[in-house]
Amino acid sequence: MTKVRIAAIGAGNRMNAYSEYALHYPEEMEIVAVVEPNPIRREQYRRRLNISEDCCYNSWEDFFRMPKQADAVFLCTPDDLHYQPALCALEKGYDILLEKPIAQSWRECVEIVAKAKELGRIVGVCHILRYHPYFIKFKEILESGRLGEIISVNHVEAVGIDRMTHAFVRGLWRKREANPMILSKACHDLDLLVWLTGRKCMDVSSYGSLKWFSETNAPQGSTERCIEGCAVEKECPYSALNLYFRQKRWLRHFDIPEGENPEPYILRELKEGPYGRCVYRCDNDVVDHQVVSMLMEGQVTVNFSMEGFTKKGERRTHIMCSNGEIYGDEKTLTVKYFHPAYPDETYDFSAYSGECNFHGGADWSIVADFIKAVREHDASCLRTNIETSLESHRMAFEIERKRRLNMGAVDETFI
Ligand SMILES: NC(=O)c1ccc[n+]([C@@H]2O[C@H](COP(=O)([O-])OP(=O)(O)OC[C@H]3O[C@@H](n4cnc5c(N)ncnc54)[C@H](O)[C@@H]3O)[C@@H](O)[C@H]2O)c1
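Throughout what follows, the structure given in this document is the object of discussion. (Residues numbered from 1 in each chain as written. Predicted model: local features only at pLDDT ≥ 70, side-chain atom pairs only at ≥ 80, totals over all residues. Heavy atoms only, no water.)

## Quick look at the site of the ligand
Around the ligand there are 26 residues in total, and Asn13, Arg14, Glu36, Arg41 and Asp79 lie nearest to it. Between the ligand and glutamate 36 there is a distance of 2.6 Å, counted from an oxygen atom to a side-chain nitrogen or oxygen. Note that a nitrogen atom of the ligand is positioned 3.0 Å from one of the side-chain N or O atoms of glutamate 99. Surface burial for the ligand is 87%, taken as the share of its 850 Å² of free accessible area covered by protein chains. (Near = heavy atom within 4 Å. Polar contact = N/O pair within 3.5 Å; in protein donor to acceptor, adjacent residues only side chain to side chain. Areas by Shrake-Rupley, 256 points an atom, 1.4 Å probe, with all protein chains shown as cover.)

Rendered as structure tokens:
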């Protein structure tokens with residue numbers, strides 16, 4: 001089997017998950033270069049993947065100035081660094097495994113698709129849920145036809161309050177000018193809804209706003225940072241001191257050198273970094289709750305809610321069909337038939353839930369398919385090639401447009 005050579009661009013959280021595949025299947029894939037401006041991450045990644053020192057780069061511009069040195073790139077840079085590097089990679093002759101979102105505007109998304117088509121390159125988009133065993137079973141049951149025709153869908157993306165404050169209030173995805181949350185968080189859900197129903201979206205409407213995480217709701221006695229003697233820190237459900245220092249959770253975007261005591265690094269972040277800020281005093285403007293109604297082809301209707309205020313993070317999906325219904329919360333999948341002759345079915349996926357299992361193996365499955373697609377020059381090996389992934393992005397941009405239109409009519413400051 002020919003080994004596929006990969007250059008890793010953006011050696012953060014996602015890249016580390018995908019790259020683990022190379023350590024387990026070295027005969028299939030080798031990471032030959034890394035591009036990462038953060039020296040700690042670059043060096044840790046270089047050592048882990050055994051990359052030679054002269055194949056390490058600070059920026060994607062430096063990397064693409066060099067002659068082609070791999071078959072494909074994994075592009076896992078922040079959202080605002082997908083468009084330009086993706087176009088450069090295509091021009092330079094690389095296939096791409098591209099993190100979602102494809103880009104930050106519809107025009108940019110279409111441009112990348114057109115360029116890939118023109119040059120005959122393979123681009124996979126990391127809608128990894130299509131590779132998750134739970135959603136695969138969901139799809140398989142719907143496709144079997146036993147439930148009859150899909151009539152309507154209720155889907156909830158329960159973000160989970162810790163993820164909400166970490167990523168969408170204090171963290172990397174807090175600004176709407178970078179991406180509305182319906183794109184950065186829910187493009188996975190929109191992709192699932194298209195995939196599970198097997199239908200494109202005809203029309204949408206939406207409401208939602210940033211209702212809670214703003215200075216007007218800051219309790220008396222609270223301070224700019226949780227660590228600065230905040231009078232309400234002990235009882236605050238969003239305390240950074242509690243989440244990061246006492247519980248040592250959500251440290252994935254903290255730079256803690258391997259093997260070192262994390263506490264001094266956490267304390268420094270709490271004193272100086274974005275993750276130490278009071279949730280009511282950040283520069284965030286993405287929504288904290290949003291509802292969407294959609295009309296899909298064939299008169300199928302969808303209700304979708306994206307909810308920041310839930311204790312756990314999970315997706316709850318209920319699909320009503322002509323012969324029965326299917327409901328799941330990512331741990332259990334229940335199928336109920338209307339006809340009394342058919343007993344209910346329950347499938348248990350609890351073994352796949354949790355934060356640290358590479359999305360139930362999906363992270364590796366998408367890499368395996370991408371490697372095969374590159375080796376065989378066949379994009380159809382991928383469940384989520386770029387053309388398939390375009391629909392969820394089209395929906396996200398339109399939903400955000402409608403939300404702003406609707407909320408603007410209610411109160412300009414809510415937009
Ligand atoms: N598919 C999924 O389930 C999923 C989940 C989370 C995030 N994401 C997406 O993956 C991407 C990366 O997210 P992450 O959580 O790994 O973030 P991250 O911050 O951990 O990783 C991004 C890395 O890119 C590096 N970088 C910044 N500028 C760069 C440049 N000019 N050249 C090269 N590298 C540069 C950063 O230093 C960082 O190490 C984002 O687009 C995000 O939306 C996808």
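Additional details are given in the paragraphs that follow.
## Section: the sheet that holds strand β5 (residues 95–98)
Spatially, six strands are ordered β3-β2-β1-β4-β5-β6 in an open sheet, and the strand pairing comes out parallel. A strand with exactly one partner marks an edge of an open sheet, and here the two such strands are β3 (56–57) and β6 (123–125). Bridge count between strand β1 (residues 4–9) and strand β2 (residues 29–35): six bridges; the pairing is parallel. Its bridge partner being in β2, isoleucine 9 is matched across the sheet by valine 35. Contacting β1, β2 and β3, helix α2 (residues 39–49) crosses the sheet at an angle of about 160 degrees to β2. (Pairing = 2+ DSSP bridges. Helix = DSSP H or I, 4+ residues; strand = E, 2+ residues; numbered from the N terminus. Contact = heavy atoms within 4.5 Å. Axes fitted to C-alpha atoms, helices over the stretch in contact; angles between N-to-C directions.)

## Concerning the state of the cysteines
As enumerated under the stated definition, the model contains zero disulfides in all. Unpaired in terms of disulfides, cysteine 55 finds its nearest cysteine sulfur in cysteine 56, a separation of 7.1 Å. Overall, the relative accessible area of 19% leaves cysteine 55 in the buried class. Among the cysteines around cysteine 321, which has no disulfide bond, cysteine 201 carries the closest sulfur, lying 18 Å off. (Disulfide = S-S within 2.5 Å. Buried < 20%, exposed > 50% of the residue type's maximum accessible area, 1.4 Å probe, protein only.)

## Quick look at the pattern of salt bridges
By the definition in use, this model includes 36 salt bridges. A salt bridge links arginine 41 to aspartate 255; the nearest nitrogen and oxygen atoms lie 2.8 Å apart. With arginine 41 in helix α2 and aspartate 255 in the loop between α10 (240–246) and α11 (263–272), this residue pair connects regions lying 214 residues apart in the sequence. It is possible to trace a salt-bridge network through shared partners that takes in Glu43, Arg46, Arg47 and Glu53. (Salt bridge = Lys/Arg side-chain N within 4 Å of Asp/Glu carboxyl O.)

## Overview of the sheet that holds strand β14 (residues 345–348)
The strand order β8-β9-β10-β7-β11-β12-β13-β14 describes an open sheet built from eight strands, whose pairing is mixed. Each edge of the open sheet carries a strand with a single partner, namely β8 (201–209) and β14. Mean inter-strand twist for the sheet, computed between neighbouring axes without regard to direction, equals 10 degrees. As judged from the seven bridges shared by strand β9 (residues 289–296) and strand β10 (residues 301–307), these two strands associate in the antiparallel manner. Considered in β10, the bridge of valine 291 is made with serine 305.

## What to know about the environment of alanine 379
Its location among the elements puts alanine 379 in the loop between α12 (362–376) and α13 (386–410). Along the chain, alanine 379 and valine 123 lie 256 residues apart, while their C-alpha atoms are 7.6 Å from each other. Setting aside residues no more than four positions away along its own chain, alanine 379 makes contact with Ile122 and Asn385.

## What about the packing of aromatic side chains?
Per the stated rule, a full pass over the model turns up 23 aromatic pairs. A centroid spacing of 6.0 Å and a plane angle of 75 degrees characterise the contact between tryptophan 212 and tyrosine 280, whose relative ring orientation is edge-to-face. Of the two residues, tryptophan 212 is situated in the loop between β8 and α10 and tyrosine 280 in the loop between α11 and β9; the sequence distance between them amounts to 68 residues. A network of ring pairs unites the aromatic residues Tyr57, Trp60, Phe63, Phe64 and Tyr94 as a single cluster. Cation over ring: lysine 68 sits above tyrosine 94, and NZ or CZ is 5.6 Å from the ring centre. (Phe/Tyr/Trp six-rings, centres within 6.5 Å; stacked < 30°, edge-to-face > 60°. Lys NZ or Arg CZ within 6 Å of the ring centre and 35° of its normal.)

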